[in-house]
Amino acid sequence: EAQVTQNPRYLITVTGKKLTVTCSQNMNHEYMSWYRQDPGLGLRQIYYSMNVEVTDKGDVPEGYKVSRKEKRNFPLILESPSPNQTSLYFCASSWGQGGRETQYFGPGTRLLVL
Amino acid sequence: GQNIDQPTEMTATEGAIVQINCTYQTSGFNGLFWYQQHAGEAPTFLSYNVLDGLEEKGRFSSFLSRSKGYSYLLLKELQMKDSASYLCAVRVPSGGYNKLIFGAGTRLAVHP
């Protein structure tokens, strides 16, 4: 089954404790992206990757890191989480970024930083 | 700047028709998407418009006017399962690539 998976689905942590949210897709997609979703603000892009070893900042990259060492995986790293990073996070992937090509979203990771 | 506006909430009756509007002001335009998102779940693709006009897909239709920066999603024969948030997203050029800018979403409640 074609899908995007994220782990963990739910996470409660404390300020400053490094964490990683994994994202994996089995569709051989080149483009992957991370978003955060907050009430009243919609989905905002954190980082994106056009291919292996090619990543760039989105609209809200502060406090986050990413890496793309393999095509299928695109982990999101919070080196020192803070309460303002409490949010719902989605990973997404697509073949490219043109035409009717749409992004496929993972199930989401709900993060609470105390 | 980039701005996408949608109503925050709408209510409708089962079996009726509802139209969800989206207006946008963006730096560039390479297509407009509508996604459906049930509470606590991932967004799923509904429709795509890049040329002016109406795209019909079963009970769902989407309209685009590029000159007016305007789109709407039309849902016919509403069912209870259509209660969800509907996200309008515009694809814009960014640094040699494209990216999606999302509106805040419209939460639709369908009542019996």
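Residues numbered from 1 in each chain as written. Chains lettered and ligands numbered in written order. Predicted model: local features only at pLDDT ≥ 70, side-chain atom pairs only at ≥ 80, totals over all residues. Heavy atoms only, no water.

Notes on the overall build of chain A
Rule in force here: Numbered from the N terminus, helices here are DSSP runs of H or I no shorter than four residues, and strands are runs of E no shorter than two. Here the globule rule is a power law, 2.2 Å times the number of residues to the power 0.38, and the radius of gyration is based on C-alpha atoms. Accessibility here uses a 1.4 Å probe with only protein chains present; expressed as a share of the type maximum, an area under 20% marks a residue as buried, one over 50% as exposed, and anything in between as partly exposed.
Helix and strand content of chain A: zero helices and eleven strands. N-terminal to C-terminal, the α/β element order of chain A is β-β-β-β-β-β-β-β-β-β-β. Here the C-alpha atoms of chain A give a radius of gyration of 13 Å, agreeing with the 13 Å that 2.2 N^0.38 yields for 114 residues. Referenced to the eigenvectors of the C-alpha coordinate spread, the extents of chain A come out at roughly 40 × 30 × 25 Å. A buried classification covers 50% of the 114 residues belonging to chain A.

A short note on the overall build of chain B
Our working rule: For this analysis, residues touch if any pair of their heavy atoms sits within 4.5 Å. Residue burial considers only the protein chains on display, and all accessible areas are found by Shrake-Rupley using a 1.4 Å probe.
For chain B, the helix and strand inventory stands at zero helices and eleven strands. Its helices and strands in sequence order give chain B the pattern β-β-β-β-β-β-β-β-β-β-β, from N to C terminus. Judged by the C-alpha coordinates and their principal axes, chain B covers about 45 × 30 × 20 Å. Expressed as a percentage of its 112 residues, the buried residues of chain B come to 48%. Intrachain contacts of chain B at a sequence separation of at least 6 include 56% that bridge at least 24 residues. Accessible surface, chain B as shown: approximately 5200 Å² in total, 50% of it carbon and sulfur.

Description of the interface of chain B and chain A
The line we're drawing: Once two parts are joined, some of their accessible surface, as seen by a 1.4 Å probe, is lost; buried area is that loss totalled over both. Here, a salt bridge means any Lys or Arg side-chain nitrogen found within 4 Å of an Asp or Glu carboxyl oxygen. Pairs of N or O atoms within 3.5 Å make up the polar contacts considered here, provided that, within protein, one atom can donate a hydrogen while the other can accept it, and that residues adjacent in sequence are counted only when both atoms are side-chain atoms.
Tallying the contact residues gives 21 residues for chain B and 24 residues for chain A. Approximately 1800 Å² of surface area, both sides summed, lies buried where chain B meets chain A, with 50% of it carried by carbon and sulfur atoms. Inspection of the chain B/chain A interface yields one salt bridge. The residue Asp59 of chain A makes a salt bridge to Lys99 of chain B at a minimum N-O spacing of 2.5 Å. Counting across the chain B and chain A interface gives four residue pairs in polar contact (both at pLDDT 80 or more). When residues of the side of chain B that touches chain A are traced back to their parent elements, those giving at least two are strand S4 (32-37), strand S5 (44-49), strand S9 (84-94) and strand S10 (97-102) of chain B.

What about the environment of Gln79 of chain B?
With respect to the helices and strands, Gln79 of chain B occurs in the loop between strand S8 (70-75) and S9. Along the chain, Gln79 of chain B and Tyr48 of chain B lie 31 residues apart, while their C-alpha atoms are 22 Å from each other.

Some points on a nonpolar patch on the surface
Here is the rule: Surface patches are drawn from residues lacking salt bridges whose relative accessible area is over 30%; two like charges belong together within 9 Å, two nonpolar side chains (Val, Leu, Ile, Met, Phe, Trp, Tyr) within 5 Å.
Together, Ile12, Val14, Leu112 and Leu114 of chain A make up an exposed nonpolar region whose accessible area comes to about 380 Å². By secondary structure assignment, the location of Val14 of chain A is in the loop between strand S2 (10-13) and strand S3 (19-25).

Focus on the nonpolar core
Note the cut-off: Within this scheme, the nonpolar core is defined by two criteria: the residues are buried Ala, Val, Leu, Ile, Met, Phe, Trp, Tyr or Cys, and they are joined through side-chain atoms within 4.5 Å.
One finds Trp34, Leu75, Tyr86 and Leu108 of chain B to be the most contacted residues of the largest nonpolar core, which totals 22 residues. Top element by residues in this core is S9 of chain B. It accounts for five residues. Leu75 of chain B has contacts with Ala16, Ile17, Val18, Ile20, Arg59, Phe60, Asp82, Tyr86 and Leu108 of chain B, leaving out every residue within four places of it along the chain. Among the nonpolar cores identified, the runner-up in size contains 19 residues, and Val4, Met32, Tyr47 and Leu76 of chain A belong to it.

Side note on the pattern of salt bridges
Oppositely charged side chains are able to pair whenever their charged atoms sit close together. All names here are of chain A. Applying the stated criterion across every chain yields a total of nine salt bridges over all chains. A salt bridge links Glu79 to Lys18, with the nearest nitrogen and oxygen atoms 4.0 Å apart. On the criterion of sequence distance, the pair formed by Glu79 in the loop between strand S8 (76-78) and strand S9 (87-94) and Lys18 in the loop between S2 and S3 is long-range, its members being 61 residues apart. Overall, the relative accessible area of 37% leaves Glu79 in the partly exposed class. The class of Lys18 is exposed, set by a relative accessible area of 52%. Salt bridges sharing partners connect three or more residues here, namely Lys18, Lys65 and Glu79.

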